[in-house]
Amino acid sequence: MSRRLIYAANWKMHHGPVAARAFAERFSATVEPREGRELWFFPPAVSISATADALAARPDATVGAQNVYWEQKGAFTGESSVPLVAEAGARGALVGHSERRHVFGETDADTARKVAALLDGGLVPMLCVGETLAEREGGDTERVVLRQLRAALEGRSADELGRTLIAYEPVWAIGTGRNATPADAAAVHRSIRAELARLGTAGRASVLYGGSVNARNILALLAEDELDGVLVGGASLDPDGWAELVGLGG
Ligand code: 13P
């Protein structure tokens, strides 16, 4: 039997509530749930509710936030807490996405607080890690990725680690059309898995790959056993393109 695969769509700053609902309805009309395949949708915060409503009947689809703040409530203008996104229909959230780290200056310490807030609130963190081009060329990939991993997850229980998803997204591969070779991605995934085992993960952790994944390269990537799925930006924005992509692999 083939392994369970996760296909996650990160819409970034695209699709308001009207477009998100139309996307979800069109996607649902064309794609049947499939055994062993799990779908995640990360719409902008304003569209969580519309997306979750439109996908409510699908047992295979889960909606998450792209970001959360770690406090429960209060005077934090512009931020959304875990209880707020959960009320809107989110069951998880991305943490430490490369754009949060490199455009908005999110630190390793911030990612740790966000992971903790999500786990405490019963939501699934999808922790994103990845090196810059300079770090890769300097031979620092493993050091950087494992540092990001440890900073966010050190001290969490086996149960909490078991509820956490990891996405390896090399910064230089995001939105560039350049992606890691399947073998390079698999090598980093192996290091991530070994580190997760050291941190106390029991069983097989789910480690996704992201960075310029599309219908032309997904099969070669998923041919690597180390990849438990994909986190997709640009190629997830069109419902028919996304329907095609989630039909590949598995
Ligand atoms: P692209 O698929 O557009 O490269 O984006 C990847 C990503 O950042 C998903 O979180």
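Up top is the structure.
Conventions used here
Residues numbered from 1 in each chain as written. Predicted model: local features only at pLDDT ≥ 70, side-chain atom pairs only at ≥ 80, totals over all residues. Heavy atoms only, no water. Near = heavy atom within 4 Å. Polar contact = N/O pair within 3.5 Å; in protein donor to acceptor, adjacent residues only side chain to side chain. Areas by Shrake-Rupley, 256 points an atom, 1.4 Å probe, with all protein chains shown as cover. 1 Å grid on protein atoms, 1.4 Å probe; cavity = no way out; pocket = protein on both sides within 12 Å on 5 of 7 lines; lining within 4 Å. Sits in = over half its atoms within 2 Å of the grid points. Nonpolar A, V, L, I, M, F, W, Y, C, P; charged D, E, K, R; others polar. Pairing = 2+ DSSP bridges. Helix = DSSP H or I, 4+ residues; strand = E, 2+ residues; numbered from the N terminus. Axes fitted to C-alpha atoms, helices over the stretch in contact; angles between N-to-C directions. Contact = heavy atoms within 4.5 Å.

Asker: Help me understand the site of the ligand in this model?
Answerer: Neighbouring the ligand are 13 residues, the closest being Lys12, His97, Gly175, Ser212 and Gly234. Histidine 97 is positioned such that a nitrogen or oxygen atom in its side chain is 2.8 Å from an oxygen atom of the ligand. When the ligand sits alone it has 310 Å² of accessible area, and the protein chains cover 95% of it. Given that more than half its atoms are within 2 Å of the pocket grid, the ligand belongs to the second largest pocket. Considered class by class, the residues forming the shell around the ligand number four nonpolar, seven polar and two charged.

Asker: Can you help me understand the sheet that holds strand β8 (residues 229-232) in this one?
Answerer: Strand pairing in a sheet takes place through backbone hydrogen bonds and is either antiparallel or parallel in direction. Overall, parallel pairing links the eight strands, which are arranged β3-β2-β1-β8-β7-β6-β5-β4 in an open sheet. The open sheet is flanked by β3 (61-63) and β4 (92-95), the only strands paired with a single partner. Taken over all neighbouring pairs, the strand axes of this sheet differ in orientation by 20 degrees on average, direction set aside. Judged from the six bridges that link them, strand β1 (residues 5-10) and strand β2 (residues 37-42) form a sheet pairing that is parallel. Residue pairing across strands places alanine 8 opposite tryptophan 40, the latter belonging to β2. Sheet strands in contact with helix α11 (residues 239-246) are β1, β2 and β8, and its direction is about 160 degrees off that of β1.

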